[in-house]
Amino acid sequence: MALFASSTRAVPDSGAVPRHVAIIMDGNGRWAKKRFMPRFSGHAKGVEAVREVVRECLERGVGYLTLFAFSSENWRRPQEEVSLLMQLFVKALEQEVEKLDRNGVRLRVVGDLSRFEPRLRDLIRAGERQTAHNDRLHLTIAANYGGRWDIMQAVNAMVSRHPEKSGGWSDSDLEPHLAMHFAPEPDLFIRTGGEQRISNFLLWQLAYTELYFTDALWPEFGKEAFAGAIASFGRRERRFGRTGDQLTDPADA
Ligand code: IPE
Ligand code: IPE
Ligand code: MG
């Protein structure tokens, strides 16, 4: 059984504080370019923004934070940038896991990890193991992740689990196999960097998520910008298919 209700099968609980925030951290390269610095310095600076947003989620009681760090399409970048990003990932894991653990953060990495170097894979597994007992904040890094990859790997897992059953599959058969099966669907999606697209992030899970786009570049996104996104979320009317009247008049519900 799935841990959390699917937004298309039941109306999920929703409150002023999003339970799950998912972020496309975009704009690192442009941040650096504006300062006549190499693109990589934007990625390095972006790690500071990650720290700040994690801190804010802990303060506000957001239970799940999912960050898109590297898409399945980002391998198309120049090899030097890809390799520097991988080194940055290694360094961040080496430096941050201890502190995450002390703060009650459970770290997970979702995506197709098979293409990563063994050293990076080992660090990921060790970080996940070390923090597995925590549940104050579930921090998930999407790395070599793609929404289509996720749906297809889940379909394959679902079918191979019950090869005798042909056809008649439902979304509740699929959902336990999705990479984010342990989390409720995101309440709030944030994309920094000014683009208004999903770029193959959580395609299945964003069905009823509130979308928030900001021109702020990821390395300059921090406490105040995050507060702005949360405030915008607080003004949304989430209807999940119902009418507005049903929300204000319980007799209509
Ligand atoms: C996002 O910043 C980080 C990754 C995709 C790894 P970008 O590197 O895409 O920055 P821009 O969009 O070029 O400014
Ligand atoms: C999306 O950013 C992926 C991550 C932030 C990891 P991109 O910069 O790769 O997205 P596009 O190519 O502009 O859509
Ligand atoms: Mg980009």
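Here, every reference points to the structure presented above.
Remember, it's a predicted structure, so these values are computed and weren't measured experimentally.

**Student:** Could you give an account of the layout of surface pockets, with specific residues and numbers?
**Tutor:** There is about 1,200 Å³ of room inside the largest pocket. Met25, Val50, Phe68, Ala69 and Trp218 are the residues nearest the centre of the largest pocket, which is lined by 46 residues in total. Listing elements by their share of the lining of the largest pocket, those giving two or more residues are α1 (28-34), α2 (39-60), β2 (64-71), α3 (79-102), β3 (105-110) and β4 (137-145). Classifying every residue of the lining of the largest pocket by side-chain character gives 24 nonpolar, 9 polar and 13 charged. Surrounding the second largest pocket, 13 residues form its lining, Trp75, Val82, Ser83, Met86 and Glu117 being those nearest its centre. At the level of elements, α3 and α4 (118-130) are the ones that each hand at least two residues to the lining of the second largest pocket.

**Student:** Lay out the site of ligand 2 with the relevant residues and their values.
**Tutor:** Around ligand 2 lies a shell formed by Ile24, Met25, Asp26, Phe68, Ala69, Phe70, Ser71, Asn74, Arg77, Arg191, Arg197 and Ser199. At a separation of 3.2 Å, an oxygen atom of ligand 2 approaches a polar side-chain atom of Arg191. With respect to ligand 2, the side chain of Arg197 contributes an N or O atom lying 2.8 Å from an oxygen atom. For ligand 2, the protein covers 78% of the area, taking 390 Å² as the surface of the free molecule. With respect to the detected pockets, ligand 2 is housed in the largest pocket. Sorting elements by how many residues they give to the shell around ligand 2 places β2 first, with 4 residues. Looking at the shell around ligand 2 residue by residue, the classes come out as 5 nonpolar, 3 polar and 4 charged.

**Student:** An account of the packing of aromatic side chains is requested, with residue identities and associated values reported.
**Tutor:** If you walk through the whole model with that rule in mind, you get 11 aromatic pairs. On the numbers, 6.1 Å between centres and 85° between planes, the contact of Phe68 with Tyr145 is edge-to-face. Placement of Phe68 in strand β2 and of Tyr145 in strand β4 is noted, with a sequence separation of 77 residues between them. Like Phe68, the residue Tyr145 is buried in the burial classification. Where Tyr145 meets Phe201, the ring centres are 6.3 Å apart and the plane angle is 90°; that geometry is what we call edge-to-face. Placement of Tyr145 in strand β4 and of Phe201 in the loop between β5 (188-191) and β6 (210-213) is noted, with a sequence separation of 56 residues between them. Cluster of aromatic residues (ring-pair linked, three or more members): Phe68, Tyr145, Trp149 and Phe201. Here the guanidinium or amino end of Arg108 rests over the ring plane of Phe182, the centre of that ring lying 3.7 Å away. If you follow Arg115 out to its NZ or CZ, it ends over the ring of Trp75, 4.0 Å from the centre.

**Student:** Give a detailed account of the nonpolar core, specifying residues and quantitative values.
**Tutor:** Burial of nonpolar side chains together is a common tendency in soluble globular proteins. Ile23, Leu65, Leu139 and Ile190 are the most contacted members of the largest nonpolar core, which has 44 residues in total. When residues of this core are assigned to their parent elements, the largest contribution, 8 residues, is made by α3. Excluding its chain neighbours within four sequence positions, the residues that come into contact with Leu139 are Val54, Leu65, Leu67, Leu100, Val105, Arg106, Leu107 and Arg108.

**Student:** Could you give an account of the site of ligand 1, with specific residues and numbers?
**Tutor:** Around ligand 1, a shell composed of Met25, Asp26, Gly27, Asn28, Gly29, Arg30, Arg39, His43, Ala69, Asn74, Arg77 and Leu85 is seen. Backbone polar atom of Gly29 to an oxygen atom of ligand 1: 2.9 Å apart, as the coordinates give it. Interatomic distance of 2.7 Å between a side-chain N/O atom of Arg30 and an oxygen atom of ligand 1. A molecule is said to occupy a pocket when more than half its atoms come within 2 Å of that pocket's grid points, and by this definition ligand 1 occupies the largest pocket. Among the elements that make up the shell around ligand 1, the one with the highest residue count is α1 (3 residues). Looking at the shell around ligand 1 residue by residue, the classes come out as 3 nonpolar, 5 polar and 4 charged.

So, how was this worked out
Residues numbered from 1 in each chain as written. Chains lettered and ligands numbered in written order. Predicted model: local features only at pLDDT ≥ 70, side-chain atom pairs only at ≥ 80, totals over all residues. Heavy atoms only, no water. 1 Å grid on protein atoms, 1.4 Å probe; cavity = no way out; pocket = protein on both sides within 12 Å on 5 of 7 lines; lining within 4 Å. Points joined across faces, edges and corners; volume = space filled by probe spheres on them. Helix = DSSP H or I, 4+ residues; strand = E, 2+ residues; numbered from the N terminus. Nonpolar A, V, L, I, M, F, W, Y, C, P; charged D, E, K, R; others polar. Near = heavy atom within 4 Å. Polar contact = N/O pair within 3.5 Å; in protein donor to acceptor, adjacent residues only side chain to side chain. Areas by Shrake-Rupley, 256 points an atom, 1.4 Å probe, with all protein chains shown as cover. Sits in = over half its atoms within 2 Å of the grid points. Phe/Tyr/Trp six-rings, centres within 6.5 Å; stacked < 30°, edge-to-face > 60°. Buried < 20%, exposed > 50% of the residue type's maximum accessible area, 1.4 Å probe, protein only. Lys NZ or Arg CZ within 6 Å of the ring centre and 35° of its normal. Core = buried A, V, L, I, M, F, W, Y, C linked by side-chain atoms within 4.5 Å. Contact = heavy atoms within 4.5 Å.

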